[in-house]
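# Descriptive structure summary
Now for the letters of each chain:
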Amino acid sequence: MVKFSKQFEGQLVPEWKEAFVDYWQLKKDLKKIHLLNINNNNINNGSISNTGTINKNQQHPSLANSLISSIGKLSLFGHHHHRDHGPIHVHKKLASSVSKGDMYETELLEQFADTDAAKEFFACLDTQLNKVNQFYKAKENEFMDRGDSLKKQMEILIELNTAIKQHRGNKGASSEQDTKEDASISGTISCEEESIKDRTEQEQQLQDNNTPDDLEINDESFADSSRFEEDMEGKSIRMKKDDNKIRTLSGRVFNCQGKKLRLNIPLTTPSRTFSAMSSVLEDLVYQSSKKNHEGNNNKLHINKTKLHHAEKMIKKALIELYKGLGYLKTYRNLNMLAFIKILKKFDKVTGKQILPIYLKVVESSYFNSSDKVMNLADEVEELFVKHFAEDNKRTALKYLRPHQRKESHSVTFFIGLFTGCFIALLAGYVIMAQITGMYRPQPDTVYMETVYPVLSMFSLLFLHLFLYGCNIFMWKKTRINYSFIFELAPTKELKYRDIFLICTASMTAVVGVMFIHLTLLTKGYSHTQVQAIPGLLLLFSVVLLVCPFNIVYRSNRYRFLCVIRNIILSPLYKVLMLDFFMADQLCSQVPMLRNLEYVACYYITGSYKTQDYGYCMRAKHYRDFAYAVSFLPYYWRAMQCARRWFDEGDTSHLVNLGKYVSAMLAAGAKVAYEKEKSVGWLCLVVVVSSAATVYQLYWDFVRDWGLLKMNSKNPWLRNDLMLRRKIIYYFCMGLNLILRLAWLQTVLHSSFEHVDYRITGLFLAALEVIRRGMWNFFRLENEHLNNAGKFRAVKPVPLPFEEDEED
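Residues numbered from 1 in each chain as written. Predicted model: local features only at pLDDT ≥ 70, side-chain atom pairs only at ≥ 80, totals over all residues. Heavy atoms only, no water.

## With respect to the UniProt feature "transmembrane region" (unreviewed entry) in the protein
What UniProt calls "transmembrane region" (unreviewed entry) maps, in this numbering, to residues 411–431, 451–475, 496–520, 532–553, 679–698 and 727–748. Within residues 679–698, the helical portion is 100% and the strand portion 0%, while the C-alpha atoms at the span's ends are 29 Å from each other. (UniProt positions renumbered as here; feature names shortened; annotations may be inferred. Helix = DSSP H or I, 4+ residues; strand = E, 2+ residues; numbered from the N terminus.)

The structure is reproduced here in structure tokens:
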């Protein structure tokens, strides 16, 4: 049977971990009480055994004391309330402000009132209860405000859709087709001012519908009027804030306070950017035409493409709000269960009946008594069913409550099968290559110049993918919410088993094809006849990647292509976490991109037919393009940093941009040195690469990993760590330092006996991929800790409709 502490840790919301009940600290305090009781029993038993028997003179005082204590509990001596409340009495103090919430403090009565361990336990218990109430109320208010905003957004969206339908209905049959093709429609919405009577009636209705039911803790010592005043004060503050926003009236009447509505669609994708650029001209045309007509102040120009994006944004915001409300329900249930469990343990250890007394207070506290979250969840579900699921609740729940894909045993079986096949084929391939001497430096070899780049390219790619699967396994084990950070769909994201299956199956196919190719060569077939096999393997891989049919993880392939597109068009849109994370992966795959460039040139130019593998090396365009391939990943990443600085205004992104510019210069100097092989270029490579390495090490340790902090409670590490063994961090820091210096091989030119230099290059490239895989875990650990510090468990989706501040 799994312990409750393990269940509690496995089910809590990772980003809210610090806001949950500190069950482990309460167990530590309870253990102190248990040990104290054991010591007291041992002392008592020891004294009894030493004396043997208790004389009668000692019995009479104890009997008298028991009689006095019994009489003292009577109401005649003024201790009637102690008898009513039992061993403890929980006091509730009304908060000074609405946002702070009520505070609880426990008074210990009877015999263990003097024990410090019991006082420490209940002080911690009260602190946890107050913390849970305050956090729950804060998150509840946040979600309630978000819900109110979304209801207003839905009203605006419904009004605009109605305006479009009315516009289409007024068109004749002859112009109906033209209306469909028009990209924008001018709809009319009413922007009449509210009368004082209507506003008074609406505020009265709000007050009637929002009575102070959120404070359901009944205590005779506190007046209900003060709670009512505090509740109404909080509501008046929210109503004043809403005066600056778009106010929704009953029916379809919108009060814009004399101002226009406008659609604000964030440019998160290149397609939205191009759409926004095209719609600017339409808006300019509309604005010029509107000035020529009088009485059109209540007209709103509706762009159907923007309206479609707005509808998707509201739909996504509703899904995220519903998810957040579900997290808050989980927060309530788990904390309630934690209080019950720890109170049961306390009763078992001390023999007191504390559970009924304190549990009554917990049940009546705010986090357990408020029903606003339940009501809002029902409203969100009803809105989604009505407007986004065509009144089909089952369809709506697929979006609101997506189910995780079940792990299949067949996946595990095929992972093992393909792993065994890969090992067997690799062993046979290595033995055959060793016998034929393919990997030894030979002046007349063709194999290493033409076939080996294909094998090394696939090896680096799937090694990187395998390490990503290992990252997912570790993220999941350490409760790092990588799906939330990367904004992955829970029903379509790849699990680590899926990635291992892709890696083992792909590498089995690659090594199998290479084994067949090498076998044909040893049997006497000419290079011209079998040279197309590696090219066909590469072509098949590309076709499978862009295949539009629903096979082999189509949604993930499409997402990957979209991310690559976003990286290439980095300056044109807002950079997301997944985009710059993938761009960092490309920075570690420059050798793979160089091999891809060579293989593409070799097969596209038809050099494989003439076995002229030196043609691409002699071509000037190929040599010039090698510079671009070497620093393009760093350029894309630098452009992402520039865009993030432009959007966020944080100068640290400019410092990060400098890191990639230095890496770009180092990559260019290395390519130039490979061509010239002169002392001048060698000195330049050493200087530029050294500066870039120092820059990168600083950024790795201080900014990305958040390490090397002098005043941290963990020496040279950050304050919060996901891994329990600190030695792992120190080991990874040293390993990262060593792997960052792998570029020294370019200067030293060390070789391993008779191994070809390309094998050495593959080994060094693999080390860089391994370093990147290690960096991935710590990078997301830092991202998770920063996010958890702000208690963000759902994505902040911007809302489309805003009030135009212009006159």
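## Concerning the pattern of salt bridges
Under the defined criterion, the tally for this structure stands at 21 salt bridges. Glu 120 serves as the salt-bridge partner of Lys 32, at 3.3 Å between the closest nitrogen and oxygen. Here Lys 32, found in helix H2 (residues 23–51), pairs with Glu 120, found in helix H5 (residues 116–170); they are 88 residues apart in sequence, far enough to count as distant. For Lys 32, a relative accessible area of 42% corresponds to the partly exposed category. By relative accessible area, which is 37% here, Glu 120 ends up partly exposed. Ionic pairing is found between Asp 704 and Arg 779, a salt bridge with its closest N-O pair at 3.6 Å. (Salt bridge = Lys/Arg side-chain N within 4 Å of Asp/Glu carboxyl O. Buried < 20%, exposed > 50% of the residue type's maximum accessible area, 1.4 Å probe, protein only.)

## Here we look at unusual backbone geometry
Phi is positive for Glu 487, which is not a glycine, with a value near 55°. Tracing the chain through its elements places Glu 487 in the loop between helix H18 (482–486) and helix H19 (496–522). On the accessibility criterion, Glu 487 (31% relative accessible area) is partly exposed. Of note, Tyr 553 is a non-glycine position whose phi angle comes to about 55°, a positive value. Judged by relative accessible area, Tyr 553 falls into the partly exposed class, the value being 27%.

## A few points about the packing of aromatic side chains
Applying the stated criterion to the full structure yields 38 aromatic pairs. Their ring planes at 80° and their centres at 5.9 Å tell us that Phe 8 and Phe 20 sit as a pair that is edge-to-face. Of this pair, Phe 8 sits in helix H1 (residues 4–11) while Phe 20 is found in the loop between H1 and H2, placing the two residues 12 residues apart along the sequence. Looking at Phe 8, the relative accessible area reads 0%, which means it is buried. Residue Phe 20 is classed as buried on the basis of its relative accessible area, which comes to 1%. (Phe/Tyr/Trp six-rings, centres within 6.5 Å; stacked < 30°, edge-to-face > 60°.)

## Notes on a positive patch on the surface
On the surface, Lys 3, Lys 6, Lys 27, Lys 341, Lys 344, Lys 345, Lys 348 and Arg 724 cluster together into a patch of positive charge. Of the residues forming the positive patch, the biggest block, 4 residues, is contributed by helix H10 (residues 304–350). (Patch = residues over 30% accessible without salt bridge, like charges linked within 9 Å, V, L, I, M, F, W, Y side chains within 5 Å. Areas by Shrake-Rupley, 256 points an atom, 1.4 Å probe, with all protein chains shown as cover. Lys, Arg positive; Asp, Glu negative; His and termini not counted. Charge placed at Lys NZ, Arg CZ, Asp CG, Glu CD.)

## Observations concerning helix H29 (residues 679–704)
Between its first and last C-alpha atoms H29 spans 35 Å; for 26 residues at 1.5 Å apiece the expected length is 38 Å, and the two agree. Those residues of H29 not exposed but buried are Val 685, Val 688, Ser 689, Ala 692, Thr 693, Gln 696, Leu 697, Trp 699, Asp 700, Phe 701 and Asp 704. Tucked into the core, H29 has its buried residues touching helix H28 (652–676), helix H30 (727–740) and helix H32 (757–789). Of the residues flanking the end of H29, it is Gly 706, one or two places downstream, whose phi is positive at about 70°. (Expected span 1.5 Å × (residues − 1). Contact = heavy atoms within 4.5 Å.)

## Brief notes about H28
Helix length check: H28, at 25 residues, gives a terminal C-alpha distance of 37 Å against a target of 36 Å (1.5 Å per residue), a fit within 8%. Directly beyond the C-terminal end of H28, a positive phi value near 55° is found at Lys 677.

## What about the confidence of the model for the protein?
Mean pLDDT for the protein: 78, with 74% of residues reaching 70 or above. Segment residues 176–259: pLDDT under 50, and 123 contacts once partners within four positions in sequence are set aside and those in other chains are kept. Between residues 294–300, whose pLDDT stays under 50, and residues either more than four places distant or in other chains, the model counts 14 contacts. (pLDDT = per-residue confidence, 0-100.)

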